[in-house]
Amino acid sequence: MCQPLCSSEVDTMRVLLIMKSAVLAVAIMTCAALLPGQSRSSHWYDHAVIYEIYPRSFQDTNGDGIGDLNGITERLDYLKQLGVDAIWITPFFPSPNVDFGYDVSDYMNVAPEYGTLKDWDRLVTEANKRGIRILVDFVLNHTSDQHPWFKESRSSRDNPKRDWYVWRSGGGPKQPPTHWTSIFGGYTWTWDNKTQQWYYHIFAPQQPDVNWANPALRKAMFDVVRFWLNHGASGFRLDATPYLFEDPAFPEDPNPPQAGAPAALEPYNSGRPENHEVLRQMRKILDGYPHDPVLLGESSTATIADLAKVYGANRDEIQLPMDFLFGNLTALNAGIFKKQVDAAELQLSGQTPVFFFSSHDHPRQWTTFGNGKNNDQIAKLTATLTLAQRGCVLLYYGEELGMGNMPAGELKLVPTGPKRPRADDRDGERTPMQWNDALNAGFSTGSPWLPVETGYKRYNVVTEQRNSSSIYSWYTQLLRLRHENPALRDGDYLPLESGNPDVLAFGRQASPTDVVLIVLNTSAKEQQADISGMPGQWQGSHRMLMASPAADAPRSQSFTVAPYGVFIAALQ
Ligand code: GLC
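Residues numbered from 1 in each chain as written. Predicted model: local features only at pLDDT ≥ 70, side-chain atom pairs only at ≥ 80, totals over all residues. Heavy atoms only, no water.

(A) Just the layout of surface pockets, in detail. Counted as a void, the largest pocket has a volume near 710 Å³. Grouping the amino acids of the lining of the largest pocket by side-chain chemistry returns 15 nonpolar, eight polar and seven charged. (1 Å grid on protein atoms, 1.4 Å probe; cavity = no way out; pocket = protein on both sides within 12 Å on 5 of 7 lines; lining within 4 Å. Points joined across faces, edges and corners; volume = space filled by probe spheres on them. Nonpolar A, V, L, I, M, F, W, Y, C, P; charged D, E, K, R; others polar.)

(B) Summary view of the sheet that holds strand 5 (residues 189-192). The antiparallel open sheet is built from three strands, whose spatial order is 4-6-5. Both edges of this open sheet fall to strand 4 (167-168) and strand 5, since each of them pairs with a single strand only. For strand 5 and strand 6 (residues 197-200), the ladder comprises four bridges, and the chain directions are antiparallel. Each residue of the ladder has a partner; that of D192, found in strand 6, is Q197. (Pairing = 2+ DSSP bridges. Helix = DSSP H or I, 4+ residues; strand = E, 2+ residues; numbered from the N terminus.)

(C) A look at helix 15 (residues 471-484). For helix 15, built from 14 residues, the straight-helix expectation of 20 Å at 1.5 Å per residue is met to within 8% by its first-to-last C-alpha distance of 20 Å. Taken across its 14 residues, helix 15 has 11 buried, putting it largely inside the fold. Along helix 15, the positions that sit buried rather than exposed are I471, Y472, S473, W474, Y475, T476, L478, L479, L481, R482 and H483. (Expected span 1.5 Å × (residues − 1). Buried < 20%, exposed > 50% of the residue type's maximum accessible area, 1.4 Å probe, protein only.)

(D) Quick peek at the packing of aromatic side chains. Under the definition given, this model contains 41 aromatic pairs. Between F326 and F355 the ring centres are 5.0 Å apart and the planes differ by 80°, which places this aromatic pair in the edge-to-face class. Taken together, the residues F326 in helix 9 (residues 324-327) and F355 in strand 10 (residues 354-355) connect sequence positions 29 residues apart. By way of ring pairs, the aromatic residues Y51, F58, Y78, Y396, Y397, W435 and Y472 are connected into one cluster. Over the aromatic face of W449 sits the side chain of R56, whose NZ or CZ is 5.2 Å from the ring centroid. Between the NZ or CZ atom of K161 and the centre of the ring of W164, over which it lies, the distance is 4.8 Å. (Phe/Tyr/Trp six-rings, centres within 6.5 Å; stacked < 30°, edge-to-face > 60°. Lys NZ or Arg CZ within 6 Å of the ring centre and 35° of its normal.)

(E) The pattern of salt bridges, seen in detail. As enumerated under the stated definition, the model contains 28 salt bridges in all. R430 is the partner of D361 in a salt bridge, and the nearest nitrogen-oxygen pair spans 3.5 Å. Of this pair, D361 sits in the loop between strand 10 and helix 11 (365-369) while R430 is found in the loop between helix 13 (408-413) and helix 14 (461-465), placing the two residues 69 residues apart along the sequence. You can call D361 partly exposed: its relative accessible area is 26%. Using a relative accessible area of 2% as the deciding quantity, one classes R430 as buried. A salt bridge links R430 to D427, with the nearest nitrogen and oxygen atoms 3.6 Å apart. Note on accessibility: R430 and D427 belong to one class, buried. Here the salt bridges do not stand alone but share partners, grouping D99, D361, R420, R422, D424, R426, D427 and R430 into one network. (Salt bridge = Lys/Arg side-chain N within 4 Å of Asp/Glu carboxyl O.)

The values are spatial; any link to function lies outside them.
So this is what it looks like as structure tokens:
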């Protein structure tokens, strides 16, 4: 039976009504047309372009053959001119370099090869002057085995830091607690003779996993977060976020991988429910700082539904989880691209997707998607595929030049030594930045830690800046357009049908009259497209914003697209 409402319930209803109309008003406001340069989102990162820098390879300023923080400072004007909003610098902290900085031995310092904390402070000041933010790479799943915390932890079973890492007895020295496989191969356990127990590591044995369940460890890690925020960081790229916790029962693997196969994301080793609390707490720390700092997550997931959860049930965890379902694609195929873009845009409840193809862990896209003949055109196509999307886009240094991977055969011949203590297959995508066509591509006056990739005579900043049809020129124009055009900046995503499996078409819409059409032909042949799904009575377009090769704006919804052709056209 209905009861009359008491006065406090009436008040609550009033408040709810007022809130509802406020929400409606905001919705109406956001549907209004956006002016050039105006933004729909109040968060800078929702449409940011973040440029990843591998500091070892970007710019050396002291001639030791290893890039440094001062080198990044020196190149800030270049980055500003390119048009990036932020940079993410991969680890530059003291480290034995078993995994090039991803094995940290001191979280609150700069490795001497990269400079000093003073250099960092100067870099932040100079970057901020140019409107560029800096994200620090936070390696939070594991430390180096040379970190003082681990040294203490392994010193005795009753050391206060013993529980800062994951120790188990298993069945003695011959029988690890489980037979789980580590991502770098071998078991996830290493036997410690002194204390007669195994410690857990999802990566290399020199990268022991920390125990996030331990409150003192958690506090120490959160102190690291505050340290860098206090030093001007605008947020963090969070390394290896799926792996923070393991199933506490440590069950055996029901489907052990074949010998030599890398570990997969498994319910017992990744994506554990306990992760959420840690990420919420970290986010809360960030939210207490001004200027909207951000968490960019290395958040590999097996499905798009799992990726949606990484943002947090109340959107209070990672603002920018990287979409590896998209980033791991390697086939130049319109249908596959469409499936993954539609998933990111339509199945993440409107949260901000993060698109990328290249990184220090992924072979460069010029090489991955190139066919050996049309690589430059294909590079423009894949650039447009990411940079024309709604959401955040990550670029990897040199991607804007069409830098290629060093071929595996050549990489094998590169010796190890003091500057390159360990050979790593991923070094193929970590070669020095190509600034010009002179010695060492302008990266260093000394002998570089890794040779410059042979394509540098043609693919370098100076040469490409002089050429209006270079890959670099395409990127700069596209970045400018993305910032200035309201539909491309943060207009809604419109999934379209092209009527042709080799042609990908999608739209971006800032208002009913402000729509752009993006079309890509992923085949080596001219293709016919017949677009459907455009809102309203759209028949054709009269204004081409960018096209490669040059093309006229389509006058109707049926048109041809050149081999590997790509264009962005305005609706008006
Ligand atoms: C992340 C890094 C990768 C590193 C690994 C272990 O995946 O991107 O380079 O090897 O973590 O820290």
